[in-house]
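Structural description and commentary
What follows is each chain in one-letter form.
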Amino acid sequence: MREKIAKGVALITGLLVVGGAFLFGALQSPGPEAAVAGAPDARPTEERLQAPDTVLAEGRRVYDEQNCALCHSIAGEGSPRSPLDGVGDRLDAEELRLWVVDPQAVDPGVRKPAYDDLPEDEVEVLVAYLQSLTDPNS
Amino acid sequence: MQGMAQAGFWIAVYLAAVLAPLGLLLVAPTPRGGGFWWDVAMGFGFAGLAMMAVQFLLTARFRRATAPFGIDVVYYFHRYLAYVLVAVLVAHPVVLILINPAQRMYLNPLEAPWEMTAGSLSLLSLLALIVSSAWRKNLGIPYDGWRVVHLILAVAAMALGFYHMWAIGYYSGTPVVRVVWALIGLSVLAVVFRVRLLRPWSLLQRPFRVTEVREERGDSWTLAMEPVGHGGFAFEPGQFAWVTLGHSPFAMREHPFSIASSPVPDGRLEFTIKELGDFTRTVGQIEPGEPAYVDGPYGAFSLDRHPDAAGYTFIAGGIGVAPMASMLRALADREDPRSHILFAAHSDWERIPLRDEFQRLREHLDLEVVHVLEEPPEDWSGETGWITREVLDRHLPENRDEMEYFICGPIPMIQKVEGFLDELGIPASRVRTELFDLA
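Residues numbered from 1 in each chain as written. Chains lettered and ligands numbered in written order. Predicted model: local features only at pLDDT ≥ 70, side-chain atom pairs only at ≥ 80, totals over all residues. Heavy atoms only, no water.

Examining the pattern of salt bridges
Residues and elements named next belong to chain B. Cut-off, in case you're wondering: Salt bridge, as used here, is a side-chain nitrogen of Lys or Arg placed within 4 Å of a carboxyl oxygen of Asp or Glu. In DSSP terms, a helix is any run of H or I states spanning at least four residues, a strand is any run of E spanning at least two, and both are numbered starting from the N terminus. In this scheme, a residue with accessible area under 20% of its type's maximum is buried, one over 50% is exposed, and one in between is partly exposed, where area comes from a 1.4 Å probe on protein chains only.
Summed over the entire model, instances satisfying the criterion amount to 30 salt bridges over all chains. E383 is the partner of R394 in a salt bridge, and the nearest nitrogen-oxygen pair spans 2.9 Å. Here R394 is found in helix α11 (residues 389-395), whereas its partner E383 is found in strand β10 (residues 383-384), with 11 residues between them in sequence. Where R389 meets E390, a salt bridge forms, and the shortest distance between an N and an O atom there is 3.9 Å. The class for R389 is partly exposed, based on a relative accessible area of 31%. What makes E390 partly exposed here is its relative accessible area of 44%. Beyond isolated ion pairs, a larger network of salt bridges with shared partners links R61, R147, R199, E254 and D295.

Structural data, given as C-alpha cells:
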C-alpha cells in the first residue's frame, strides 16, 4: 500500500514536471501568428545584394556547416533565440566579423563561441552573406 | 489526522522543491525562447536537475520530514523518483536532437564545448547509477562497495549537470535564476556534508559496545550492545537503526536492522539479524567488546503511534519477526492486558528465529502465536503453506476491525497480506507495514 502510494507520488511528480515543461514551452513560444507577422522577409533579392551569388551561396554553406541555426534563425528557420533577420542593416562588415571570430571583444558577457579557427576566406563569405540579410522595409 | 496533515505538508514541500526551478522560469523574465520543443527540452533539463537535487534530501534521513511516512518508504520513493528523473533527463537531449539533428555534435566530446560534454557525462553517470542500483544483485555488486559507487556517481551526476546548466547560462544566466540555483547547489553540498561528515562524527562521539553475540535458530544471530559513556537513545518499539560494526562510521559500512529489544532505561539494544548477505554472514564472527555505531532510531512502524487499539496483530515473514519481538517485549514489560496475535511464516519448525522467546512471552501476555510452516514436520497440526486469507480468518477475533495490524516481511508477502486484510474488511488505516529491503 505505502510503496504503491510512493509509486503514485513519483508518477504524479513526473506528470507535473512534464506538464510544467510543456507550459514553459507554450509560454515561451511567440505562437504561429507572431512568427509569421514578426519575421521580416530577409530573402536576399538581387537589388539588395552587395556581393555575387556565388559568394552568398558559399556564405550560406558556411552558415549551415557551422550549425549557426542552433542559436540563430533567418526568416523563422532555426532557433528563434537570436534572429539574424535585418542584421545587415544593424551591423557593418567589421562588426559582423568581430561577432563571428571574437564576440567577447564586442560584448564581454556574451555567451557565444568564438569561431576563431575558421579559415579567413570562410569568414569573409560568411560576413558577406550576413550583410545580405537586410530588412526589405528599411 | 495530525499525521495526515504532516504528511500533506511534507509532500507539498517536496513538490515545491521539485517544481520551483521550473516555476521560476515561468514567472521570471527570460531571454527569447528557442521554439516550443526547444523550450520544452529546457524545461525537462531544469526539472530533471531539480529532481536530482531532491534525491539527496530524500536519503539524508531527516527525522521530522520522514516521520509521517516512515523512512523505509521514503527510500522506496527515492528509487521510483530516480526512474522518473532519468526519463525526464534522457528526454532533454533526445528532444533537442530530434528537432535539430545537428545537435548530435554536442555528444561528441572532441567537437563539443566543455559544458556540453559535462551534460553528456552527467547523464552517463546517472545511467550507470540506475543500472548499478536496479540490478545490483544481478551484477553481483557487494552492498558496501555499491554504496560508495552510488555516492560517487550521484555527486558526479549532480556536479556535472549543475556545471552544464550554469556554464551554458542561457535561461540560467539571469540573476534571479542564478541565485536560486546557487542556493540549490549549496543545499546539496550541505546535505552531503551533513550525511557523510557531521553525522559520522557525531556517531563517533556516542559509541556502543557489543556485549553478547547469541546464536538463534534459522541462521540468525542476536547482537546485544550497550552505550559507552552516554545514555543511548530513546526509541519506539518496532523502529530500526543503521548499524556499523568493525569499521569507522566514516567508512559507509552501515546496515539497517530492526531493533528487536524493548526500550530499557540504560540504552541497551538488541538486534536479531539473519544471514542473508555479505555482511550479515559475518555477524556470527563478531566478538563481544567490539565497538559499534548506531544511527537511529528511524521508522514509523511502532505500536506506540497507535496506543488506542483493542489489541495488536503482528504478521511476519522470516526475519520480519525482529521488530515484532521488540513490540511484544515492550507490551510484556508494560504488563499490557489486551489480546494480541502473532502470525509468523517460516520454512520449517526448527528454523524459526526467536521461537522460544515468543513462547516465553506467552507466559506474560495474552498472546496467540500462529506459526505457518511451508515444510511442516510430519506430526505438525498447525497451519501450513503461506499466510492466506483463510489462515487469518481462522485466528482473528470478532473485534478484528478494532485491532491494529503490523506486517513485516518480503514485499510480495506484504502486498498479499494487505490484500487479504482488505478482503476481510480491515480498514487500510489500521494496517502498518515495514519494507526492510532498503538496498
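Some thoughts on the packing of helix α4 (residues 71-99) of chain B against helix α5 (residues 114-134) of chain B
Residue and element names in this part refer to chain B. Convention followed: Angular values range over 0 to 180 degrees, each being the angle between N-to-C directions of two axes fitted as lines to C-alpha atoms, with helices fitted over their stretch in contact. For classification purposes, angles smaller than 35 degrees are called roughly parallel, those larger than 145 roughly antiparallel, those between 65 and 115 roughly perpendicular, and all remaining angles oblique. Crossing chirality is assigned from the near helix's rotation relative to the far helix, an anticlockwise turn below a right angle marking it left-handed and a clockwise turn marking it right-handed. We call two residues contacting when some pair of their heavy atoms lies within 4.5 Å. Lys, Arg, Asp and Glu make up the charged group, whereas Ala, Val, Leu, Ile, Met, Phe, Trp, Tyr, Cys and Pro make up the nonpolar group; the residues left over, Gly among them, are polar.
Close contact between α4 and α5 brings their axes to 11 Å; oriented N to C, the two are set at 150 degrees. Taken together, the axes of α4 and α5 lie roughly antiparallel to each other. The element α4 and its partner α5 pack so that their crossing is left-handed. Side by side, α4 and α5 meet where A82, Y83, L85, V86, L89, V90 and P93 of the first sit next to L123, L126, L127, I130 and A134 of the second. Within the contact of α4 with α5, the residues separate by chemical class into 12 nonpolar, no polar and no charged.

Describing the domain arrangement of chain A
The criterion, for reference: Segmentation into domains, and thus their bounds, comes from an automatic or database assignment.
When cut into domains, chain A gives domain 1 (1-30) and domain 2 (41-131). Domain 1 of chain A and domain 2 of chain A are separated by 39 Å when their C-alpha centres are compared.

Concerning the interface of chain A and chain B
Our working definition: As used here, buried area is the combined drop in accessible area, with a 1.4 Å probe, of two parts when they are placed together. What qualifies as a polar contact is a pair of N or O atoms within 3.5 Å, subject to a donor-acceptor requirement within protein and to the restriction that residues adjacent in sequence count only when both atoms come from side chains.
The interface is formed by 30 residues belonging to chain A together with 49 residues belonging to chain B. Around 3,400 Å² of area is buried between chain A and chain B when both sides are counted, 69% of it from carbon and sulfur atoms. Interface area lost by chain A to chain B is led by R2, F24 and R81 of chain A, which between them contribute 23%. Between chain A and chain B we count four residue pairs in polar contact (both at pLDDT 80 or more) in total. Looking at the side of chain A that touches chain B, the element that brings in the most residues is helix α1 (residues 2-28) of chain A, giving 20 residues. Tallied by class, the residues present in the side of chain A that touches chain B amount to 17 nonpolar, eight polar and five charged.

What about helix α8 (residues 175-205) of chain B?
Selection criterion: Expected span of a helix: the number of residues minus one, times 1.5 Å. What we call the bend at a residue is the angle made by axes fitted to the seven residues finishing there and the seven residues starting there.
For α8 of chain B, with 31 residues, the first-to-last C-alpha span of 43 Å sits near the 45 Å given by 1.5 Å per residue. R194 of chain B marks the point of greatest bend in α8 of chain B, at about 40 degrees.

Here's the deal with the sheet that holds strand β7 (residues 312-317) of chain B
Residue and element names in this part refer to chain B. We count it as follows: DSSP-based pairing: two strands are paired if at least 2 bridges between them are found.
With respect to topology, six strands assemble into an open sheet ordered β10-β9-β8-β7-β11-β12, the strand pairing being parallel. Lying at the two open borders of the sheet, with one neighbouring strand each, are β10 and β12 (431-435). Sheet topology note: the strand β11 (residues 404-409)/β12 ladder contains five bridges and is parallel. Paired with I407 across the two strands is T433, which belongs to β12. On the sheet, helix α12 (residues 411-423) packs against β7, β11 and β12 and is oriented at approximately 155 degrees with respect to β11.

Notes on the packing of aromatic side chains
This is how the line gets drawn: Ring geometry is summarised as follows: Phe, Tyr and Trp rings, the Trp one being its six-membered ring, pair when their centres sit within 6.5 Å, and such pairs are stacked at plane angles under 30 degrees, edge-to-face over 60 and tilted between the two. In this scheme, Lys NZ or Arg CZ marks a charge over a ring once it lies within 6 Å of the ring centre and within 35 degrees of the ring normal.
Scanning the model with the defined rule gives 27 aromatic pairs over all chains in all. Taken together, a centroid distance of 6.3 Å and an interplanar angle of 55 degrees make the contact between Y76 of chain B and Y80 of chain B tilted. One end of the pair is Y76 of chain B and the other is Y80 of chain B, both in helix α4 and four residues apart, which spans about a single turn. Residue classification places Y76 of chain B among the buried positions, given a relative accessible area of 5%. Put simply, the rings of F22 of chain A together with F36, W37 and F44 of chain B touch in pairs and so form one group of aromatic residues. We note R63 of chain B situated over the ring of Y298 of chain B; from NZ or CZ to the ring centre the distance is 4.5 Å. Positioned above the aromatic ring of Y76 of chain B is the side chain of R79 of chain B, whose terminal nitrogen or guanidinium carbon lies 4.7 Å from the ring centre.

Details of a nonpolar patch on the surface
As a reminder of what qualifies: Each patch is built from salt-bridge-free residues with over 30% relative accessible area, joining like charges within 9 Å and nonpolar side chains (Val, Leu, Ile, Met, Phe, Trp, Tyr) within 5 Å. Note that accessible areas follow from Shrake-Rupley with a 1.4 Å probe, and for residues the cover is restricted to the protein chains shown.
A surface patch of nonpolar side chains, amounting to about 580 Å² of accessible area, comprises F193, L197, L198, W201, L204 and F250 of chain B. Looking at the secondary structure, you find F193 of chain B in helix α8.

Observations regarding the nonpolar core
Residues and elements named next belong to chain B. Applied cut-off: Here, the term nonpolar core denotes a set of buried Ala, Val, Leu, Ile, Met, Phe, Trp, Tyr and Cys residues that are joined through side-chain atoms within 4.5 Å.
L126, W181, I315, F343, L392 and L421 are the most contacted members of the largest nonpolar core, which has 82 residues in total. When sequence neighbours within four positions are dropped, the list of residues in contact with L421 reads I315, L392, L396, Y405, I407, I426 and V431. Among the nonpolar cores identified, the runner-up in size contains 25 residues, and L303, L354, L365 and V369 belong to it.

Structural notes on the domain arrangement of chain B
Residues and elements named next belong to chain B. Along its sequence, chain B is organised into domain 1 (2-203), domain 2 (208-298) and domain 3 (307-435). Here the C-alpha centroids of domain 1 and domain 2 sit 34 Å apart. Contact with domain 1, which involves 16 residues of that partner, is made by 16 residues of domain 2. Taking both partners together, domain 1 and domain 2 bury about 1,600 Å²; carbon and sulfur atoms supply 59% of that area. Our enumeration of links across domain 1 and domain 2 arrives at five salt bridges. For E254, the salt bridge identified is with R61, shortest N-O distance 2.8 Å.

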